[in-house]
Amino acid sequence: NYRSVAFVGLPCHILAMNRVIKTMDLKNIYIKIALFCCGCGRMKRGTLDLIKFKYGHSLRENEKILEYHSRRGEKRLFSKTSKIEILTNFKKYEFLVQEFLSFVDYYYYSNGCYHCKRICGIDADISVGDDWGKDTDTKLAIISCNSELGIDAIKDNSLLQINDNISSLIKS
């Protein structure tokens, strides 16, 4: 019944919605907006930090995370026995979910997240994000228009300061 809908999600959500739109021949999705997915980097860094904290060492130079499982234990997540398992090419690391949650502020990513190459959401009409990983005095919001519809939606918006100088974005 909705005449136009804006869909907002992570890049993987946009991909899924694109499939739904095509499969169901939806005509009422006006625009798709992707949020830059920066969680996996935080997740991976948090995992590596916890391994170093708990096991007293970092991963070896040639040690790679092969699998990540977060639904282990008698009950799915959040029981006292629920575990997170990280399998590398050398060793299996295990943490209780409670231990992991007390160490980091994020906890679940599927195996696919570790290998995702679509973190900027270029399959959406517009992608938005910021430079959260940079230690700077000022923060930068980034908007990427990935389609003609995205360009049209942003073009006349007086609330945004548009910077066409890509080299200044790269430097940040």
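Definitions and cut-offs
- Here, residues in each chain are numbered from 1, in the same order as that chain's written sequence.
- Local features in this predicted model are restricted to residues of pLDDT 70 or higher, and side-chain atom pairs are both shown and tallied only at a pLDDT of 80 or more, whereas totals for entire chains, interfaces and linings draw on every residue.
- As a rule here, side-chain values cover all heavy atoms of the structure and leave hydrogens and water aside.
- Secondary structure elements are taken from DSSP: a helix is a run of H or I of four residues or more, a strand is a run of E of two residues or more, and numbering for both begins at the N terminus.
- For this analysis, residues touch if any pair of their heavy atoms sits within 4.5 Å.
- Salt bridge criterion: a side-chain nitrogen from Lys or Arg within 4 Å of a carboxyl oxygen from Asp or Glu.
- Across the chain, each position has a pLDDT score giving the predictor's confidence in that residue, from 0 to 100.

Here we take up the overall build of the protein. Within the protein, the regular secondary structure consists of six helices and seven strands. For the protein, long-range pairs separated by at least 24 residues make up 54% of all intrachain contacts whose partners lie at least 6 apart in sequence.

This structure, assessed with the given rule, holds three salt bridges. Taking the shortest distance from any N to any O, the salt bridge between K27 and D25 comes out at 2.8 Å.

Positive phi outside glycine occurs at D25, with the angle close to 55°. By secondary structure assignment, the location of D25 is in the loop between α1 (11-24) and β2 (29-35).

Looking at the protein as a whole, its pLDDT mean stands at 76, while 67% of the residues score no less than 70. The lowest-confidence element of the protein is helix α6 (residues 166-171), averaging 58 in pLDDT; the highest-confidence one is α1, averaging 92.

So, on to the environment of I14. Tracing the chain through its elements places I14 in helix α1. In this structure the C-alpha to C-alpha distance between I14 and D125, which are 111 residues apart in sequence, comes to 9.7 Å. Setting aside residues up to four positions removed in sequence, I14 forms contacts with F7, G9, K32, I33, A34, D123 and A124.

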